[in-house]
Amino acid sequence: MRKISADWIVPGSGAPVPGGVVIVDDDGKIILLGNREHFDNGGLEIHTGIICPGFINAHCHLELSYMHSKIAEHAGMAKFIIELIDYRNGFRLAGESHYPEIIYDAIRRSEKEMQENGIVAVGDISNDTYTFEFKVNSSLKYHTFVECFGFYPENAGKYFIQSLKIFQEARNKNLSASITPHAPYSVPPELFRMIFSFTENHPPIFSFHSQESKAENDFFETGSGDFTKVFGHFRLPLSIFQPTGRNSLQSVLQFFPEKKKLMLVHNTWSDSTDFKLAAGVNPEIFFCTCPNANLYIHNSLPDYSHWKNYPDRICIGTDSLASNHQLSVLEEMKTIQRHDASLSTHQLVQWSTLNGAQFFGWDQELGSIIPGKKPGLNLITDMDEEMKFTSASKVVKLI
């Protein structure tokens, strides 16, 4: 057994323990969480910094890892979508037979990066099957969200069948998976109904890109703005979209399930009213933030002041290497705290560990330092005197 101590133990649930000690067995199972005063220092591994559970990366697009640094920064959401799709399509044509190998190599490197950054579990978006073999053999725990989308209402059945094939491949490999809607602008009502009525999801949880940009809200409210460029670029007739006079979230709330778990991702332009409405429709709704992706795409961050009203339902994700410079939950926490210093490290650790574990149903094993669990242990060093992150803070995976 190992007896590991640090300046603080931040367990994910409950209060931080100053001078705490964690005893773990050879399998990484927590035996005891105590205080250093009850132990002989000679038998302890003593570290400077804080110890917390392994991180849950609640939102990632692992299969886009090959697009690292290929998409322009700060160009806005519409331009990002156009460049991402054009790059993917062009790369497929240019890469021909080498295309899959390049994707696999990037996935392999990204998995290693996440592990080294103390991530133990991932909620991953898939539009294809490239990541599946890695997930089968990975030490990371995964849930795969098979993203379903399409713009023409009359083709909803076709779009769903395409996603169903990918979902069935995931389940054939015994992967945890569910079919999920992409975003409000890319899922017509007919497709929403098919997705949320599907009963074979394992488990029945959903992810949904919501209010990621101001342009998204403008498009729903007036039918104008940057998103018309997406429709124009891909020769989609604007007639298939009807503005509602309300923002994007309020325009689609009617389609959300009332009891199944649903994670709204990004919420960059969601205000307190949006959060309240969403939570009122479904008490199982969680909210995920990916701040470094928001900065990468449109150089904006959410107003976290109203996020604090939902302390048990906030998660943190990295998004993809198409929209981020790294896959590090710690870097996301540092960005959030730099933007809103009122958020404590203790709160952010809960967002990045226990909350995600509870959403995905992994909390029997992951998410908190509690006897009987095997959450992994991370050491975060170079904290300031108030136990806040600094620009130099880094993570070391202990277990």
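Scroll up to find the structure.
What comes next concerns the included structure. All values derive from a computational prediction rather than experimental measurement. Just so you know, the residues in each chain are numbered from 1, in the order the chain's sequence is written. Per-residue local features are limited, in this predicted model, to residues with pLDDT of at least 70; the limit for side-chain atom pairs, both in listing and counting, is 80 or more; totals at the level of whole chains, interfaces and linings are taken over all residues. Only hydrogens and water are set aside when side-chain values are computed; all heavy atoms of the structure are taken into account.

1. Details of the overall build of the protein
Stage number 1. Of the regular secondary structure elements, the protein holds 13 helices and 17 strands.
Stage number 2. What you see for the protein is a C-alpha radius of gyration of 21 Å, in line with the 21 Å of a compact globule of 399 residues.
Stage number 3. The buried share among the 399 residues of the protein stands at 57%.
Stage number 4. Two residues form a contact once any of their heavy atoms are found within 4.5 Å. A separation of at least 24 residues holds for 69% of the contacts in the protein among residues at least 6 apart in sequence. A run of DSSP states H or I qualifies as a helix once it reaches four residues; a run of E qualifies as a strand once it reaches two. Both are numbered from the N-terminal end. We compute the radius of gyration from the C-alpha atoms alone; for a globule the expected value is 2.2 Å times N to the 0.38, where N is the number of residues. Exposure classes here rest on a 1.4 Å probe applied to the protein chains alone. A residue is buried below 20% of its type maximum, exposed above 50%, and partly exposed in between.

2. Overview of a nonpolar patch on the surface
Stage number 1. Only residues above 30% relative accessible area that lack a salt bridge enter a patch, with like-charged residues linked at up to 9 Å and the nonpolar side chains Val, Leu, Ile, Met, Phe, Trp and Tyr linked at up to 5 Å. Methods summary: accessible areas were calculated by the Shrake-Rupley approach with a probe of 1.4 Å, and residue burial reflects only the protein chains presented. Within this document, salt bridges are pairs made up of a side-chain nitrogen of Lys or Arg and a carboxyl oxygen of Asp or Glu, the two lying within 4 Å of each other. A contiguous nonpolar patch, built from Met 1, Ile 31 and Leu 32 and spanning about 300 Å² of accessible area, is present on the exposed surface.
Stage number 2. Along the chain, Leu 32 turns up in strand 5 (residues 30–35).

3. With respect to the nonpolar core
Stage number 1. As used here, the term nonpolar core means buried Ala, Val, Leu, Ile, Met, Phe, Trp, Tyr and Cys residues forming a set that is joined through side-chain atoms within 4.5 Å. Among the nonpolar cores identified, the biggest contains 94 residues, and Phe 256 and Ile 380 are the most heavily contacted of them.
Stage number 2. Not counting chain neighbours up to four residues away, the residues in contact with Ile 380 comprise Thr 48, Gly 49, Ile 50, Cys 52, Phe 55, Leu 330, Met 333, Phe 389, Ser 393, Lys 394 and Val 395.
Stage number 3. Ile 56, Ala 121, Phe 145 and Ala 357 belong to the second-largest nonpolar core, a separate cluster that totals 19 residues.

4. Considering the pattern of salt bridges
Stage number 1. For the structure on display, the rule yields twelve salt bridges.
Stage number 2. Ionic pairing is found between Lys 229 and Asp 226, a salt bridge with its closest N-O pair at 3.2 Å.
Stage number 3. When its relative accessible area of 33% is taken as the criterion, Asp 226 is described as partly exposed.
Stage number 4. One salt bridge connects Asp 382 with Lys 394, and the closest N-O pair in it is separated by 2.8 Å. In this pair, Asp 382 is assigned in the loop between strand 16 (377–381) and strand 17 (394–397) and Lys 394 in strand 17, connecting sequence segments twelve residues apart.
Stage number 5. Given a relative accessible area of 35%, Asp 382 falls into the partly exposed group.
Stage number 6. Through salt bridges that share partners, Asp 105, Arg 108 and Arg 109 make up one connected network.

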